[in-house]
Every structure is written in structure tokens, then in C-alpha cells.
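As a plain string of letters, each chain reads:
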Amino acid sequence: MCETIRRSGANPEMGLALYRIFQEAGLPAPAMQMEVPLGDDPDFIRWMYDVMCSLRPQIQQLKLPLEKLGDFDTLPERLQAEVAASNGVTSWMAVVGAWARKA
């Protein structure tokens, strides 16, 4: 997913660059927060698959390999089984918030 986003012209690490970017824009150094959603719920895990589905046309256009993922149609079930077998959780992309007040 990150490679697709990167090759499409977006910066998947933009959140971490916001501190510098705020200051370059003439704003004070921002207060920042990062959250990493975690979960084992089937709906949470399905979210990853849904994002992959929405990116799939770009992935194919960029000729990025999907073979490592195996059968795409069974991916949600396999992801769920892997998380269940680990008796743990999986993470999603970090979400970064940044805010500042200009005097």
C-alpha cells in the first residue's frame, strides 16, 4: 500500500514531516499526536482488505507485485485467521495530528 501511495505522488510519511512543514509555512512548531489503531475484530481487519481493493487498480497500473498476497479473494479470511492464530492484534497505519496557533 505504501509503495502504491508513494509512486502515485503522495508522501506516506507526511505526518512525521508536519513539524518541519508547519515551521516552513511560518507557523509555530506544532503540538503533535500519533495514534496507531490496533484490533482483532473482523471488521477492523476487513478495513485493510478494503483499502487494498481500492488501491488495486493503481497497484496493477504501477505493475507492483500482488503474488505475495496469494489469492486476493481469500485474503480477508487469511488475515483474520493469522491474527486469531497469533492471539494478538494487528495494527493499521499511524494517524498523525498536528496543530498550532499563530499569534
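Residues numbered from 1 in each chain as written. Predicted model: local features only at pLDDT ≥ 70, side-chain atom pairs only at ≥ 80, totals over all residues. Heavy atoms only, no water.

### Re the nonpolar core
Okay, so step 1: In terms of nonpolar packing, the biggest core is built from 8 residues, these being Tyr49, Met52, Leu55, Ile59, Leu64, Leu66, Phe72 and Leu75.
Okay, so step 2: A per-element tally of this core places helix 3 (residues 42–61) first, with 4 residues.
Okay, so step 3: In contact with phenylalanine 72, not counting residues within four places along its chain, are Tyr49, Met52, Cys53, Arg56, Leu66 and Arg78.
Okay, so step 4: Of all hydrophobic cores here, the second largest spans 5 residues; its members include Phe44, Ile45, Val83 and Trp92. (Core = buried A, V, L, I, M, F, W, Y, C linked by side-chain atoms within 4.5 Å. Buried < 20%, exposed > 50% of the residue type's maximum accessible area, 1.4 Å probe, protein only. Helix = DSSP H or I, 4+ residues; strand = E, 2+ residues; numbered from the N terminus. Contact = heavy atoms within 4.5 Å.)

### Observations regarding the pattern of salt bridges
Okay, so step 1: Evaluated as defined, the whole model comprises 5 salt bridges.
Okay, so step 2: For glutamate 3, the salt bridge identified is with arginine 6, shortest N-O distance 3.1 Å. Residue glutamate 3 and its partner arginine 6 are located together in helix 1 (residues 2–7), separated by 3 residues, close to a single helical turn.
Okay, so step 3: Overall, arginine 6 belongs to the partly exposed group, its relative accessible area being 37%.
Okay, so step 4: Three or more residues are tied together by salt bridges with common partners; here these are Glu3, Arg6, Arg7 and Glu13. (Salt bridge = Lys/Arg side-chain N within 4 Å of Asp/Glu carboxyl O.)

### Concerning unusual backbone geometry
Okay, so step 1: Its identity is not glycine, yet lysine 63 carries a phi of approximately 60°, on the positive side.
Okay, so step 2: The topology assignment puts lysine 63 in the loop between helix 3 and helix 4 (75–86).
Okay, so step 3: In this structure lysine 63 comes out as exposed when scored by relative accessible area, which is 71%.
Okay, so step 4: One non-glycine residue, asparagine 87, lies in the positive phi region at around 55°.
Okay, so step 5: Relative to the helices and strands, asparagine 87 resides in the loop between helix 4 and strand 3 (90–91).

### Things to note about the confidence of the model for the chain
The predicted coordinates of low-pLDDT regions are not to be read in fine detail.
Okay, so step 1: Confidence along the chain averages 91 in pLDDT terms, with 100% of residues attaining 70 or more.
Okay, so step 2: When mean pLDDT is taken per element in the chain, strand 1 (residues 31–35) scores highest with 97 and helix 1 scores lowest with 88. (pLDDT = per-residue confidence, 0-100.)

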